[in-house]
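A look at the structure
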Amino acid sequence: MAQMEGRGLARDALRECEESYRMLLDGIQDHAIFMMDPVGRIVSWNAGAERIKGYRADEIIGRNFSCFFPPEDVGRGRPEEILRMTAASGRHEEQGMRVRKDGSRFLAGFTLMALRDQAGKLRGFFEFSHDLSASKESEAKYRGLLEAAPDAMVVVNQDGEIVLLNAQAERTFGYRRDELVGQQVRNIIPTGFAERLIADGTRTAAEALAQQIGTGIELSGRRKDGSEFPVEIMLSPLESPEGILVTAAIRDISVRKKAETLLLRTVAELKRSNEELAQFAYVASHDLQEPLRMVASYTQLLSNRYKGKLDSAADEFISFAVDGANRMHRSIQDLLAFSRVGTGGEDFGDISSEEALEQAIANLRGAIEESGALVTHDPLPTVLADGGQLVQLFQNLVGNAIKYRNPGVPQIHVSSAKDGGKNDEARWIFSVRDNGLGIEAKYFKKIFGMFQRLHKREEYAGTGIGLAICKKIVERHGGSISVESQLGQGSTFRFGVASSKGES
Amino acid sequence: MKTIGKEGMPLEVLLIEDNPGDVRLTRETLCSGKRSIHLHVATDGVEAMAFLRHEEAQVRAPRPDLILLDLNLPRMDGHEVLAEIKGDDSLKTIPTIILTTSDAQADIAKSYQLHANCYLTKPVQLDAFNCLVKSTSDFWLSTVTLPPPSQPR
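Rules used throughout
Residues numbered from 1 in each chain as written. Chains lettered and ligands numbered in written order. Predicted model: local features only at pLDDT ≥ 70, side-chain atom pairs only at ≥ 80, totals over all residues. Pairing = 2+ DSSP bridges. Helix = DSSP H or I, 4+ residues; strand = E, 2+ residues; numbered from the N terminus. Right-handed = clockwise from strand over helix to strand, strands pointing away. Axes fitted to C-alpha atoms, helices over the stretch in contact; angles between N-to-C directions. Contact = placed C-beta atoms within 7 Å. Expected span 1.5 Å × (residues − 1). Buried ≥ 20, exposed ≤ 12 C-beta atoms within 10 Å, placed from the backbone. Arc of directions from axis to C-beta.

Some remarks on the pairing of strand E14 (residues 411-419) of chain A
All names here are of chain A. Of the strand pairs in this sheet, strand E12 (residues 374-377) and E14 are connected by four bridges, and their pairing is parallel. Residue Leu374 lies in a different strand from E14, and its bridge partner there is Gln411. In this sheet, strand E15 (residues 427-434) lies alongside E14 in antiparallel orientation, the contact comprising eight bridges. Paired with Lys418 across the bridge in E15 is Trp428.

Structural notes on the pairing of strand E2 (residues 37-42) of chain B
Residues and elements named next belong to chain B. For strand E1 (residues 11-16) and E2, the ladder comprises six bridges, and the chain directions are parallel. In the sheet register, Glu12 faces E2, and the bridge partner there is His38. Handedness of the crossover is the feature at issue here: the chain leaves E1, passes through helix H1 (residues 20-30), returns alongside E2, and the resulting connection is right-handed.

Remarks on the sheet that holds E15 of chain A
Residue and element names in this part refer to chain A. Strand order in the open sheet formed by five strands is E12-E14-E15-E17-E16, and the pairing between neighbours is mixed. Whereas interior strands pair on both sides, the edge strands pair on one side only; in this sheet they are E12 and strand E16 (481-485). Across this sheet, the average inter-strand angle for adjacent strands is 20°, counted without regard to direction. This element, helix H15 (residues 387-403), spans E12, E14, E15 and strand E17 (491-498) of the sheet and lies at about 20° to E15.

Regarding helix H5 (residues 78-89) of chain A
Residues and elements named next belong to chain A. Look at H5: 16 Å from first C-alpha to last across twelve residues, which is about the 16 Å you get at 1.5 Å a residue. All buried positions along H5 are accounted for by Ile82, Leu83 and Thr86. Relative to the axis of H5, the buried residues are bounded by an arc of 100° and lie together on one face. Opposite the buried face of H5, by more than 90 degrees, sit the exposed residues Glu81, Arg84, Ala88 and Ser89. Packed against the buried residues of H5 are strand E3 (91-99), strand E4 (105-116) and strand E5 (122-131).

Rendered as structure tokens:
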């Protein structure tokens, strides 16, 4: 009796104990805990399981746990395989995609344990799992954020599997969400992405990722239909209980790429046509020399032999022809000189502008002596320039200052001033100031044009190419040239040249 | 055997030039001097080489004392002719003067690299041209002592 009573008490205690366990299990809301028989049929179900998987106990008990797996996993016998592995080792842990009652998928982390009786016979399994995107509230926020992003957003785990994506990603790649979740990111970014997430001998996964954070990576994306398109990817890490996930913002840059390509092609085209034009000017003016020489020589021969032997009209005609040929000759020479600025220049180097000016003054010695001009200068800097062209530039400007002089002693002064503080943008601004005729403001632009003249031919010789050459030289040096002047008050020409590399 | 440079003996000059206008101008100037000059004209490079090597119709061609060579020629251009002349042991001692419109640095450099004896740019002005041809012929045909017609190798 006492024994019976004792047994009853023990049974009561056991029942109480079982009851407490059940309450305990049901109290666990964020983990699915259930038991299965040896073939995977569900025999118990807690509230967490109902919440996570969506099945009520009465709906699921008796069914095989393979219904939690995506069809493709069921197809390859994954549920059975997991049971076999658990039975063999006693315990099995992994992460994987699971399917809720409503068909939606989620990433789950789960642990299975084999239950054996005292004789060691397999009695069933115990599964303990949770939704890895479990923090529903923050997940909802995160999803909201993803959906609001203008770019395709894909969250990838360290195995290279897609965990989450937004609607823009579906549109960009042409897949439905459930076709991508759980799949390798290689399916949509064939190369260059997954590799960046992988640890190797010299770095951990976190370090590998850290190297990529915040920089745009240009890769190729592949749509469901197999077509590829250029993408720019920005990566950012996302801490999660299962390790670092990577959020990738993927932007389709087809349009930008197309624009870039077009721009490059246009630049190349422009460069080519510019070179062609320069070449054309050179060849044309060069080839014009030959027939011109014939015209000039034979009209001169005519003039030498027959002047005064024909009538006066003939003499006049011949002299016009000779004059025309001579002028054409000068024009062609000037055109050649102009085109040589672009095609025949030397490489830039450190050049003493003072020496260049002195060379120019030496070249102008005849004109300087004849006019009595006084050419002075401040100490001048070393600049980054084509030496020959710098000489020509000074020579043209000083030569003009002498040529277009007022009565009296022409005074010409060359000075320089530093412009711009930043090292690689520092330039020297040169000024060539004279006390000559001066120029009206309305001609300030015109004088730098090709073959532009402000005076009659009888007044001043020349074709009007000098300042056009100056402008071209200065522009080749990345600068610009301008003039300040008042009629009768002299002129100041200013141009900028880059500082030499050695200076800062 | 004639003695080169002696007064009274005609000098043989080969002008390689395709422009008849230039040929005439050169002839006018060269032949207006006191020296007796036989001016031979080849109008392209192939013809010039045939003359120099006494080929075909040119078997009786004399060996020139001086060659005036234009660069821009049909068929075989001046640089090619120059290379042939200066690469040929029996011809390379003949003074060869480049007389051309080109003042391109590349043409000048290449000519001297191919051992041109000098390089002259034709001036546009008639007087300057006359002066150039005259001073050149004076120098090469009177002032300098030219090599003997054939040198032992």
